[in-house]
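Next come the chains, spelled out residue by residue.
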Amino acid sequence: MFHIYRTTVRSRRTLPVGHIRRILQPPGRAQPTVWPVRCCSANVRTFDTMMSARRAEARRSVLVQVSSERSYKELYHYCSQFGDIETAHHYRVDGDGDGDCHYILLEFRHSAEADAAMQSGVFSTERPGVRARSIFMWFRTGPKPKLVVQEEPKRALALVDGTHPLDETELNGLLTAAETIDDQVKVLHRVTKLNDLGKRLRFLAVRQLESSLQGMFPQALAHPFGSSVNGFGRMGCDLDVILDLDSRSGEPPDRNSRLVYHTKATNPNERTQVQRQLESIGDVLQLFLPGVNGVRRILKARVPIVKYHHEHLDLEIDLTMNNTAGVYMSELLYLFGQLDERVRPLTFCVRRWAQSVGLTNQAPGYWITNFSLTMLVMYFLQQLKSPILPSINKLIQLSATSQPDGGALSLARFGDGGGEAGWAQAFLKNPTIYGAFRSSNESTLEQLLVQFFEFYSAFDFSQRAISLNIGASILKPDHSPMYIVNPLETVLNVSKNVNLEETELFRMQVRNAVWLLEAHGKETASATAAATSPEPWGLVSLFGPKQQERITPQMFFTKRMLNVKDIFDEVPSDAKDNQRQYRNPSVKSQIAAIQRATKVEINKLSPGAVGTARPGSTDARAATLEGTGVKLKRTTKRR
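On a predicted model such as this, the values are computed, not experimentally measured, just so you know.

Scoring rules and cut-offs
Residues numbered from 1 in each chain as written. Predicted model: local features only at pLDDT ≥ 70, side-chain atom pairs only at ≥ 80, totals over all residues. Heavy atoms only, no water. Helix = DSSP H or I, 4+ residues; strand = E, 2+ residues; numbered from the N terminus. Buried < 20%, exposed > 50% of the residue type's maximum accessible area, 1.4 Å probe, protein only. Contact = heavy atoms within 4.5 Å. Areas by Shrake-Rupley, 256 points an atom, 1.4 Å probe, with all protein chains shown as cover. UniProt positions renumbered as here; feature names shortened; annotations may be inferred. Axes fitted to C-alpha atoms, helices over the stretch in contact; angles between N-to-C directions. Parallel < 35°, antiparallel > 145°, perpendicular 65-115°, else oblique. Nonpolar A, V, L, I, M, F, W, Y, C, P; charged D, E, K, R; others polar. Core = buried A, V, L, I, M, F, W, Y, C linked by side-chain atoms within 4.5 Å. Phe/Tyr/Trp six-rings, centres within 6.5 Å; stacked < 30°, edge-to-face > 60°. Lys NZ or Arg CZ within 6 Å of the ring centre and 35° of its normal.

Engineer: It is not clear to me how the overall build of the chain should be interpreted in this structure. Could you clarify?
Structural biologist: If you tally the helices and strands in the chain, you get 22 helices and 14 strands. Within the span of the chain, comprising 639 residues, buried residues form 45% of the whole. Expressed as a percentage of contacts within the chain between residues at least 6 apart in sequence, the contacts between residues at least 24 apart total 69%. Surface summary for the chain: the accessible area is close to 34,600 Å², and the carbon and sulfur share equals 52%.

This is how it looks when you write it as structure tokens:
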């Protein structure tokens, strides 16, 4: 007999609205149990230290599917036989008609204890399938417990339903209850950013990917990058992973060894080789890895990629190879976020605003991406009278003058060590760079948000390009409507996909945002608030559902005076001609002249029809083009 590991009743979590101060409490202080901890649990500073700590957490963890969070007490006592449990987190995944799936993530004190728990697992005889050992298991019913009161677990659940994001109503309630716009920005950041559990689950997916391939490729490593690790990720964001099958390929071989491994010859075309490898890896993921489903291979894209969904983690994962630039960019953004505590809250607010007004979209297209928005925020913080962020060139100079003592830097990286690696090693690998720059700017988040909108409402996108490397604008190298220089590869434009319409829409929306913040302040809302419900103010008015109705691209792009089909469209009656609307009276006469001239030219193409029937008579049913056999039906409309 097994546990019924899905429940049909879904409890709705209610969040207290009046505890804004508790949300704004610094992460270092003790948090109340009613609020989930949404910050990194490890006390880390550098990017490499953070990544190492997260990998170690995943190495000590196992994920167990249970019937509900009430199973934790029994699960804790059973798993305690393998070792000491440090932390435990609960979350659920939306299921089908049978109910939701509940999971508990257990972290042991040592990795050997987690291995012992995993090795103790067995395969189900009632569920046939490929037998693959993994860190993803489920907890079945054991013998009936004796009538003995079990003591409470020493470690309580750190989170209950820890991956459930706030809905719009709950978020707007928290924002409305804040005292200032500055507090609203902080609240928005604290309750929407990727929390500790979300980061743990993503590194579990990385560990599963590595362990599944290291049997054939012992040096295989999976490098997460993007919003999951750069500090700008929000709840529910996707996981981007770069797979390196030989992480030690750049190391010099041992000259004393006379035994050399045989290797398989590769395709001379590197792109074709990556496509074939990703295709095979996609088959392995789909056929053998528990929890992986919905594998899609997008191999013809500029960067070949394999996308899949992990049902146990409720996570969308994008897997690619040999694209090292993403990791270095993630490390750069992580560094920017660590230099000043206002960088990430401001970026979260700008991203949320862009989503609410329709500037960004999850699907690829001609609109601004979250990465381009982040670049715009970083550049704005470099342009202040008292900069909050330095230019990249300035960081390189600071790194050169503050080399750490006590030996060379640890430069263990993937790749060949040239190009991008050399650029990154100039300062990203120097731990002292995190404390080498301190801004004297004391502006609040409210002031910075207004200044951001004002700055880009007057920025000349038609002539100037944005460069974070020098911290200044330059003349655009080409005619792209929006040009943001790629910090890693300066010949590329990270916003090349953005068209002119979306660029103008961005400028109109930032101007509208300035007006909204000025017209819907806290004082204005308090003065005009009704007795029944408070008036939306601050970020609530900025993110309101009516924002997309305020400004549309048609407001600043002139429509066509007429469609092309209108030139050749016959209008048999005066009634239909009167119904047609023309912006200019002269256009009506010009269209009529074009129609008459077109009819004459068509009649000239059919000389046989001209001699047998008068144009416009009812007997002229059809005319045949000489030598073609194509009939022109004059009684039908041509479109």
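Engineer: Where do I start with the UniProt feature "domain: PAP-associated" (unreviewed entry) in the chain in this structure?
Structural biologist: Taking the numbering used here, the UniProt-annotated feature "domain: PAP-associated" (unreviewed entry) corresponds to residues 445-478. This span, residues 445-478, is 38% helix and 24% strand, and a straight line between its end C-alpha atoms measures 35 Å.

Engineer: Would you mind going over unusual backbone geometry with me for this structure?
Structural biologist: Backbone phi values are negative for most residues with the exception of glycine, while trans is the configuration of most peptide bonds. With a phi close to 55°, Asp161 is a non-glycine residue in the positive phi region. The class for Asp161 is buried, based on a relative accessible area of 8%. You will see that Asp314, though not glycine, has its phi angle at about 50°, which is positive. As for its position among the elements, Asp314 is in the loop between strand E9 (305-310) and strand E10 (315-321). A relative accessible area of 45% means that Asp314 is categorised as partly exposed.

Engineer: It is not clear to me how the environment of Tyr434 should be interpreted in this structure. Could you clarify?
Structural biologist: With respect to the helices and strands, Tyr434 occurs in the loop between helix H13 (420-425) and helix H14 (445-457). Judged by its relative accessible area of 4%, Tyr434 falls in the buried class. Residues Tyr434 and Arg45, 389 residues apart in the sequence, show an inter-C-alpha distance of 7.6 Å. Contact partners of Tyr434, with chain neighbours within four places excluded, come to Arg45, Thr46, Phe47, Tyr334, Leu335, Gln338 and Leu339.

Engineer: Can you walk me through the packing of helix H6 (residues 181-192) against helix H10 (residues 343-356) in this structure?
Structural biologist: For any two helices packed against each other, one specifies the inter-axial angle together with the distance between the axes. Contact geometry for H6 and H10: axes closest at 9 Å, N-to-C directions at 85°. Taken together, the axis directions place H6 and H10 in an arrangement best described as roughly perpendicular. Between H6 and H10, the residues in contact are Val185, Leu188, His189 and Thr192 and Arg344, Pro345, Leu346, Phe348, Cys349 and Arg352, respectively. Residues of the contact of H6 with H10, tallied by class, amount to six nonpolar, two polar and two charged.

Engineer: When you look at the nonpolar core in this model, what are you seeing that I'm missing?
Structural biologist: Within soluble globular proteins, side chains that are nonpolar tend to cluster in buried spots. Counting residues in each nonpolar core, the largest one holds 118 residues, and the members touching the most others are Leu285, Phe336, Trp353, Phe453, Tyr456, Phe506 and Leu539. By residue number, the principal contributor to this core is helix H9 (residues 325-339), which donates nine residues. With residues near it in sequence (within four places) discarded, Trp353 still touches Leu359, Phe453, Phe506, Gln509, Val510, Ala513, Leu542 and Phe543.

Engineer: What is the right way to read the packing of aromatic side chains from this model?
Structural biologist: Any two aromatic rings considered together are summarised by their centre-to-centre distance and by the angle between their planes. Within the structure shown, the criterion is met by 21 aromatic pairs. Relative to Tyr76, the ring of Tyr72 has its centre 5.9 Å away and its plane inclined at 55°; by these criteria the two rings are tilted. One end of the pair, Tyr72, and the other, Tyr76, are both in helix H3 (residues 72-79), four residues apart, so they sit about a helical turn from each other. Overall, the relative accessible area of 5% leaves Tyr72 in the buried class. Using a relative accessible area of 8% as the deciding quantity, one classes Tyr76 as buried. On the basis of an interplanar angle of 85° and a centroid distance of 6.0 Å, the ring pair of Phe461 and Phe506 is categorised as edge-to-face. Taken together, the residues Phe461 in the loop between H14 and strand E11 (464-467) and Phe506 in helix H15 (residues 500-519) connect sequence positions 45 residues apart. Accessibility expressed as a relative area gives 3% for Phe461, which makes it buried. By way of ring pairs, the aromatic residues Trp353, Tyr379, Phe380, Phe452, Phe453, Phe455, Tyr456, Phe459, Phe461 and Phe506 are connected into one cluster. Over the face of the ring belonging to Phe232 we find Arg344, whose NZ or CZ atom lies 5.8 Å from the ring centre.

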